[in-house]
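The residues making up each chain are set out below.
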Amino acid sequence: MTYQNADLHCHSVVSDGTLEPEALAARAKANGVDLWSLTDHDEIGGQARAIAAAHEQGMAYLTGTEISITFLNITVHMVGLGFDADNETLRSGLWRTRNGREARARDMAAQLLEVGIPGAYEGALKFVGNPELISRTHFARFLVESGVCSSTNEVFSRFLTEGKPGYVEHRWAALGEAVRWVRDAGGVAVLAHPARYKLTPNERYALFNDFKSHGGQGVEVVTGSHTAAEAIEYAAIAQEFGLMGSRGSDFHSPTEGNADLGSLPPLPATLTPIWAALQDRIHLP
Ligand code: AMP
Ligand code: MN
Ligand code: MN
Ligand code: MN
């Protein structure tokens, strides 16, 4: 089976998206997606609903999650695809990765209070669908709603990022352990939106090299976070490291972000699509 419109990266209310898994499935289907994955941050609580909704829509489905990782003191993201969602190693690893978001959120709010923005914790919480998953996105929505910023993009340029008010350093999963959890559960590991990381050429080499040697198999080449030029650049890097290519919008909300579900250009033909290695992991409708 070949797929013309795979979208293997998006978020629901189970992490920092604004739509329920069923609404995402309907939107993906309406936009022509034929292979879909819901990849909530550090969480797989939405997977059963996503599989059922995908099948309701007649779409093939791969289990998914986007794991937060600390590599060389910077945060990078890795998408896990096609794993067994009941696997205990993966479940406990994700739980440990989520744990600590609550305390981090309180520290973020304390910093915002210092610059004259009260009530940020309670304000962010109003946007949270999963109490274990309060994220910067929820703070961003609060800062827009309360009129401090006019868009979430403005929020991330003025607040919540390194050196700005509301940024709290946090230690996430290690690269090797995150790859291991996903592989232990029968899935594949994909480095998410690599152009977004602020890395020197040496650091970038180290990231790809370590990821590959830990057993990582794919790179997100076509994503809502990449320009067309970045997709070409990372297609070449994927080939250099013998990694397959993945494609995903990183859709969060109809009113935020760059790309809608199923709306991205195809993967460059030079790359083996990651879903080719996952044929026996795909949940067919
Ligand atoms: P967290 O996992 O709590 O650190 O939140 C990370 C999330 O914040 C990402 O998954 C995005 O949804 C959002 N985010 C981070 N940086 C930006 C940005 N520059 N613009 C828009 N959203 C961002
Ligand atoms: Mn997000
Ligand atoms: Mn990400
Ligand atoms: Mn994402």
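Residues numbered from 1 in each chain as written. Chains lettered and ligands numbered in written order. Predicted model: local features only at pLDDT ≥ 70, side-chain atom pairs only at ≥ 80, totals over all residues. Heavy atoms only, no water.

Re the coordination of the manganese ion (ligand 3)
Here is step 1 of the chain: Of the protein atoms, only E66 (OE), H77 (ND1) and H193 (NE2) coordinate the manganese ion (ligand 3), at distances of 2.1 to 2.2 Å.
Here is step 2 of the chain: Sequence positions of the donors to the manganese ion (ligand 3) reduce to the motif E-x10-H-x115-H.
Here is step 3 of the chain: The distance between the manganese ion (ligand 3) and the manganese ion (ligand 2) comes to 5.6 Å. Here E66 is found in strand β4 (residues 64–71), whereas its partner H193 is found in the loop between β6 (188–191) and α9 (201–213), with 127 residues between them in sequence.
Here is step 4 of the chain: The class of E66 is buried, set by a relative accessible area of 1%. (Donors = N, O, S within 2.8 Å, 3.2 Å for Na, K, Ca; no water. Helix = DSSP H or I, 4+ residues; strand = E, 2+ residues; numbered from the N terminus. Buried < 20%, exposed > 50% of the residue type's maximum accessible area, 1.4 Å probe, protein only.)

Quick notes on the site of ligand 1
Here is step 1 of the chain: Taken together, D16, H41, R101, R104, S135, R136, T137, N153, F156 and H252 are the residues near ligand 1.
Here is step 2 of the chain: Every element with two or more residues in the shell around ligand 1 is listed here: α4 (101–114), α6 (136–145) and α7 (152–158).
Here is step 3 of the chain: Of the residues that constitute the shell around ligand 1, the class distribution is 1 nonpolar, 5 polar and 4 charged. (Near = heavy atom within 4 Å. Nonpolar A, V, L, I, M, F, W, Y, C, P; charged D, E, K, R; others polar.)

A closer look at the sheet that holds strand β1 (residues 6–7)
Here is step 1 of the chain: Pairing is parallel across the open sheet formed by 3 strands, whose spatial order is β1-β2-β3. Looking along the sheet, the strands with just one partner apiece sit at the ends: β1 and β3 (60–61).
Here is step 2 of the chain: Here β1 runs beside strand β2 (residues 35–36); their pairing, made up of 2 bridges, is parallel. Considered in β2, the bridge of D7 is made with W36. (Pairing = 2+ DSSP bridges.)

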